[in-house]
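The residues making up each chain are set out below.
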Amino acid sequence: CGLCEGHARGTCCVLLEVTARCDLECPVCFAGSSREAPEDPSMDTIEGWYRRLLDTAPGCNVQLSGGEPTVRGDLPEVIARGRDLGLRFFQLNTNGIRLATEGGYAESLAEAGLNTVFLQFDGADDDVHRALRGRRLAAAKEQTIERCAAAGIGVVLVPTVVRGVNLHRLGEVLDFALERLPTVRGIHLQPLALLGRYPDPVAAAA
């Protein structure tokens, strides 16, 4: 993935939160994002972030995050603005819902300069998605990967790992990824952070 490539060549990786809004309300959300959230950062604000990166860390990889970045109607322009200013690598943290449901959206992001999708992917079937995200998402994840493949965008699968929910099923995620090479370029595990919000992660995810 872009982050690994950056680390390998000594390039920093910077995460920018371009929205606090989200079209899911996951019971295990670390960010506490929701449909009700503060106003998104303006394009001028984001350009200011880009210029600061170019001044302090030229050549860094940029990871656009949130919230769910695809709720922004101007996300292709956000990516294109950074490309025009000279930033070289863009990765998108996303649940994949808009990529799956909106024809041509993956192509618009690719044309803007997106390199990689960092895809929320907790498991290969809906039992896991219902537990951690509150709804069926397996078909949407599959569609997202197919549309990224058609658009020439690489994908990294990102499971939130919870003991008793999907820790014992990570082999299925690995098999899923291997079957979808070379579009799927890696797996990035994110163990659930126990910070007091969910003292019983299994109960919280159920």
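See above for the structure.
This report concerns the structure included in the present document.

### Details of the overall build of the protein chain
Consideration 1: When its secondary structure is counted, the protein chain shows nine helices and eight strands.
Consideration 2: In the protein chain, buried positions account for 50% of the 206 residues.
Consideration 3: Sequence separation of at least 24 residues holds for 76% of the intrachain contacts in the protein chain that already meet a minimum separation of 6.
Consideration 4: For the protein chain, the exposed area adds up to about 9,700 Å²; of that, 51% sits on carbon and sulfur atoms.

### Things to note about the environment of Asn95
Consideration 1: Of note, Asn95 is situated in the loop between β3 (89-94) and α4 (97-101).
Consideration 2: Under the relative-accessibility criterion, Asn95 is labelled buried at 3%.
Consideration 3: Considering only alpha carbons, one finds Asn95 and Cys22, 73 residues apart in sequence, at a separation of 9.3 Å.
Consideration 4: The contact partners of Asn95, leaving out residues within four places of it in the chain, are Cys22, Asp23, Leu24, Glu68, Leu119, Gln120 and Lys141.
Consideration 5: One polar contact links Asn95 to Asp23, side chain to side chain, over a distance of 2.9 Å.

### Brief notes about the environment of Glu179
Consideration 1: When you line up the elements, Glu179 lands in the loop between α8 (170-178) and β7 (184-187).
Consideration 2: Among the polar contacts made by the side chain of Glu179, one reaches the side chain of Arg180 at a distance of 3.2 Å.

### Some details on the side chain of Thr70
Consideration 1: With respect to the helices and strands, Thr70 occurs in the loop between β2 (61-65) and α3 (75-85).
Consideration 2: In this structure, Thr70 is in contact with Leu75, Leu92, Thr94, Arg98 and Tyr105, ignoring residues within four places of it in sequence.

### A look at unusual backbone geometry
Consideration 1: For the peptide bond that leads from Gly66 to Gly67, omega is 20 degrees, which places it in the cis range.
Consideration 2: Relative to the assigned elements, Gly67 resides in the loop between β2 and α3.

What counts and what doesn't
- Position labels on residues start from 1 in each chain and follow its written sequence.
- Predicted model: local features are reported for residues with pLDDT of at least 70 only, side-chain atom pairs are reported and counted for 80 or more only, and whole-chain, interface and lining totals are derived from all residues.
- Hydrogens and water are ignored here; the side-chain numbers use all heavy atoms of the structure.
- By definition, any uninterrupted DSSP run of H or I lasting at least four residues is a helix, any uninterrupted run of E lasting at least two residues is a strand, and each is numbered from the N terminus.
- Categorising residues by exposure relies on relative accessible area from a 1.4 Å probe, with only protein chains included: less than 20% of the type maximum marks a residue as buried, more than 50% marks it as exposed, and the intermediate range marks it as partly exposed.
- The contact rule is simple, with two residues in contact once any of their heavy atoms fall within 4.5 Å.
- Computed with a 1.4 Å probe, the accessible areas rest on the Shrake-Rupley method; for each residue, only the protein chains presented here act as cover.
- Under the rule applied, a polar contact is a pair of N or O atoms within 3.5 Å (in protein, one hydrogen donor and one hydrogen acceptor; residues adjacent in sequence only if both atoms are side-chain atoms).

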